Amino acid sequence: MPVQRVTLITLGVEDLGRARAFYAALGWQPAEEQEGVSFYQMDGLLLGLFGREALAKDQGRPGAPLGTGAMTLAQNFHDRTGVDAAYAQALAAGAEALKAPEEVFWGGYSGYYADPDGHVWELAHNPFWPLGETGRLDLPET
C-alpha cells in the first residue's frame, strides 16, 4: 500500500450548520452525515467537517484552541475561467476574499479565499500541471 497518501482531511468548524450551508452553496453534497460531522467524497479521499471542540476532544486535546490559516487547501482548474467562476461562487456563498485571482510569478493564475471558519482555499490554473477529464491532478513524469 502506498505510504505517500492522504485519505481524509478534517476541518474543525465553529458552527457545523453554517459550514454545511457554505459548502452546499459551492455545490458540494455530503456523501455521509452523522451527528456532529459531515463527509464529502472526493477523488480518492474524503473531506470532513467536524465541530472544533469535538475535534480537539477526539484528538485527545480537549479544550485545545484549534487554529486555522496555517495551511492551504487547493483546487486546480483546467483554465482561468474556471478559477474566476469558482472564486465568484465562493464569495457569493460567504467566503472572505483574501487575494483575487491574478497571474502569479510561477506562470500560473491563482487566488485565495477563506471559508467562514477561516480555512484557506487556493483556486488555481497551473499550465504546467495538466488535469485529467475529471479534474484529477497527476504530475507529469519528468
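To start, this report covers the structure provided alongside it.

## Some thoughts on the pattern of salt bridges
- One pass over the structure, following the stated rule, counts eight salt bridges.
- Its salt-bridge partner being Asp117, residue Arg18 comes within 2.9 Å of it at the nearest N-O pair. One end of the pair, Arg18, is in helix H1 (residues 16–25); the other, Asp117, is in the loop between strand S7 (109–114) and strand S8 (120–125), with 99 residues separating them in the sequence.
- A relative accessible area of 36% means that Arg18 is categorised as partly exposed.
- Here Glu103 makes a salt bridge to Arg80, at a shortest N to O gap of 3.3 Å. You can see Glu103 sitting in strand S6 (residues 96–103) and its partner Arg80 sitting in helix H3 (residues 80–92), a full 23 residues away along the chain.
- The exposure class of Glu103 is exposed, given its relative accessible area of 59%.
- Among the charged side chains, a salt-bridge network with shared partners connects Glu14, Arg18, Arg52 and Asp117.

## Remarks on H3
- With 13 residues, H3 should reach 18 Å at 1.5 Å per residue; the first-to-last C-alpha distance of 18 Å fits that figure.
- As for H3, its buried residues are in contact with H1, S6, S7 and S8.
- Looking at where H3 begins, the residue whose side-chain oxygen comes 3.2 Å from the main-chain nitrogen of Thr81 is Asp79.
- A positive backbone phi angle near 115° is found at Gly94, which sits one or two residues after H3.

## Remarks on the layout of surface pockets
- Taken as a whole, the largest pocket holds about 1100 Å³ of empty space.
- Lining the largest pocket are 32 residues, with Asp43, Leu45, Ala74, Gly135 and Leu137 positioned closest to its centre.
- Among the elements of the structure, strand S3 (37–41), strand S5 (72–76) and S8 are those that each provide at least two residues to the lining of the largest pocket.
- Within the lining of the largest pocket, the residues separate by chemical class into 16 nonpolar, 10 polar and six charged.
- Size it by volume and the second largest pocket reaches roughly 230 Å³.
- Taken together, 17 residues line the second largest pocket, and the ones lying closest to its centre are Thr10, Gly12, Gly67, Thr68 and His119.
- For the lining of the second largest pocket, the secondary structure elements donating two or more residues are strand S1 (8–13) and helix H2 (52–58).
- With four residues, S1 is the largest single contributor of residues to the lining of the second largest pocket.
- When the residues that make up the lining of the second largest pocket are grouped by side-chain class, the tally is eight nonpolar, seven polar and two charged.

## Some details on the sheet that holds S6
- Here we have four strands laid out as an open sheet, ordered S5-S8-S7-S6, and mixed in their pairing. Only two strands of the sheet have a single partner each, and these edge strands are S5 and S6. Pairwise comparison of adjacent strand axes, ignoring direction, gives a mean angle of 15° for this sheet.
- Here S7 pairs with S8 via six bridges, running antiparallel. If you follow Tyr113 over to S8, its bridge partner there is Trp121.

## Regarding the sheet that holds S3
- Pairing is mixed across the open sheet formed by four strands, whose spatial order is S1-S4-S3-S2. The open sheet is flanked by S1 and strand S2 (32–34), the only strands paired with a single partner. Direction aside, the axes of adjacent strands within the sheet are offset by 15° on average.
- With three bridges connecting them, S2 and S3 associate as antiparallel partners. Along S3, the bridge assignment pairs Glu32 with Phe39.
- Against the sheet, H1 makes contact with S1, S2, S3 and strand S4 (46–51), and its axis sits at roughly 20° relative to S3, the strand it touches most.

Conventions adopted
Residues numbered from 1 in each chain as written. Predicted model: local features only at pLDDT ≥ 70, side-chain atom pairs only at ≥ 80, totals over all residues. Heavy atoms only, no water. Salt bridge = Lys/Arg side-chain N within 4 Å of Asp/Glu carboxyl O. Helix = DSSP H or I, 4+ residues; strand = E, 2+ residues; numbered from the N terminus. Buried < 20%, exposed > 50% of the residue type's maximum accessible area, 1.4 Å probe, protein only. Expected span 1.5 Å × (residues − 1). Contact = heavy atoms within 4.5 Å. Polar contact = N/O pair within 3.5 Å; in protein donor to acceptor, adjacent residues only side chain to side chain. 1 Å grid on protein atoms, 1.4 Å probe; cavity = no way out; pocket = protein on both sides within 12 Å on 5 of 7 lines; lining within 4 Å. Points joined across faces, edges and corners; volume = space filled by probe spheres on them. Nonpolar A, V, L, I, M, F, W, Y, C, P; charged D, E, K, R; others polar. Pairing = 2+ DSSP bridges. Axes fitted to C-alpha atoms, helices over the stretch in contact; angles between N-to-C directions.

It is worth stressing that arrangement in space is one thing and function is another; only the former is reported here.
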